[in-house]
Amino acid sequence: MTPADYDYLRKLLKDRSGLVLSADKQYLVESRLLPVAHRAGIDTLSELVQKLRGTKNEPLVTDVAEAMTTNESFFFRDKLPFDHFRDTIMPALLAARPSQRRIRIWCAAASTGQEPYSLAMCLKEMGERIAGRLIDIVATEFSTQVLEKAKSGIFSQFEVQRGLPIQLLIKYFDQIGETWQINPDVRAMVQFRPFNLLHEFTHLGTFDLVFCRNVLIYFDQETKVGIFNRLSKMLEPDGVLALGAAESVVGITSVFKPYPERRGLYRPNLAPVTRVGASTLMPQTLRAVASAR
């Protein structure tokens, strides 16, 4: 693969998925895309690039973009966000919405499903505290192939041993040979949809809580700013954004502010101005002020 071929693939991947590859990641591209090329009957990556350049081969472009996405996930990843969900976020939302039955949650990078299923199990464990509430969990993922695995709810022995407490495995999973499948009633709590975070969000509606964890680290600053701006318009004024352990809004945007004393959680700013370096973008429209709690 020539430097020009690699530059073409870097631009294609950034445009399609937001993924930013540094100049020293050619080995990663080769290891992930050679299998894609061989499945398409193509011998080399240079020939693959020629194929991508020469025709409007959308299925091949999709295969290339999906092959480069990272789908590392496990149940109750980092633990703390799920403790916050159980002990802080849900009690606050229930108290702030005594007469509102529906609460909406979005997992914006659901990968193979462990994160939304972890939230669903947390809700199951809340029992009577959420009785009579309609709680939607919308889980979206860029890769349709990964999304199909998530929908199936089937996990290997290795996958259920990563972060999943044994009591929840016994309670909410059925063993099928050497794999485990999450119970139908838990699977039914999650709506899986294909979605690209580079696209417009408005058709998804508004949410009380957004988990957008461990995906923004792959994007450049300009892309992050755009995603944060769109997320801010989708959250209720007293809603919560949960980011990954290595992610933050600090130094990137002011449309969100840290949630007091809760690491990794953020609230919408009511009169934000977004900043990129020294430049200032247009202020967001002032949102309705949430009721004081």
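Residues numbered from 1 in each chain as written. Predicted model: local features only at pLDDT ≥ 70, side-chain atom pairs only at ≥ 80, totals over all residues. Heavy atoms only, no water.

Focus: the overall build of the chain
Along its length, the chain carries 11 helices and 12 strands. Here the chain has a C-alpha radius of gyration of 21 Å; the compact-globule value for 293 residues is 19 Å, and the two agree. Taking contacts inside the chain between residues at least 6 apart in sequence as the whole, the part at least 24 apart equals 70%. (Helix = DSSP H or I, 4+ residues; strand = E, 2+ residues; numbered from the N terminus. Rg over C-alpha atoms; globule rule 2.2 N^0.38 Å. Contact = heavy atoms within 4.5 Å.)

Some remarks on the pairing of strand S2 (residues 134-141)
The buried fraction of S2 amounts to 7 of the 8 residues, a majority that puts the element mostly inside the structure. Across 6 bridges, the pairing between strand S1 (residues 102-107) and S2 is parallel. Residue pairing in the sheet places Ile 105 in a bridge with Ile 137 of S2. Following the backbone out of S1, through helix H6 (residues 114-126) and into the adjacent parallel S2, one traces a crossover that is right-handed. The pairing of S2 with strand S6 (residues 190-194) spans 5 bridges and is parallel. Note that in S6 the partner of Ala 139 across the bridge is Phe 192. (Buried < 20%, exposed > 50% of the residue type's maximum accessible area, 1.4 Å probe, protein only. Pairing = 2+ DSSP bridges. Right-handed = clockwise from strand over helix to strand, strands pointing away.)

Things to note about the side chain of Glu 115
Among the structural elements, Glu 115 can be located in helix H6. Engagement of the side chain of Glu 115 in a polar contact is seen with the side chain of Arg 213, the distance being 3.2 Å. Not counting the four nearest positions on each side in its chain, Glu 115 is found in contact with Ser 73, Phe 82, Cys 107, Phe 211 and Arg 213. (Polar contact = N/O pair within 3.5 Å; in protein donor to acceptor, adjacent residues only side chain to side chain.)

Topic: the pattern of salt bridges
Taken as a whole and judged by the stated rule, the model has 17 salt bridges. Notably, a salt bridge pairs Asp 238 with Arg 97, separated by 2.7 Å at the nearest N-O pair. Taken as a pair, Asp 238 in strand S8 (residues 235-243) and Arg 97 in the loop between helix H5 (80-96) and S1 lie far apart in primary sequence, 141 residues in all. Taking relative accessible area as the criterion, Asp 238 reaches 13% and is therefore assigned buried. When the shortest N-O distance is used, the salt bridge between Arg 213 and Glu 115 registers 3.2 Å. Separated by 98 residues along the polypeptide, Arg 213 in the loop between strand S7 (207-212) and helix H11 (221-234) and Glu 115 in helix H6 bring together distant segments of the chain. Of the two residues, Arg 213 and Glu 115, both sit in the buried class. If you follow the salt bridges from partner to partner, you end up with Lys 79, Asp 83, Arg 86 and Asp 87 in one network. (Salt bridge = Lys/Arg side-chain N within 4 Å of Asp/Glu carboxyl O.)

Everything listed is a geometric property; what it means functionally is a separate question.
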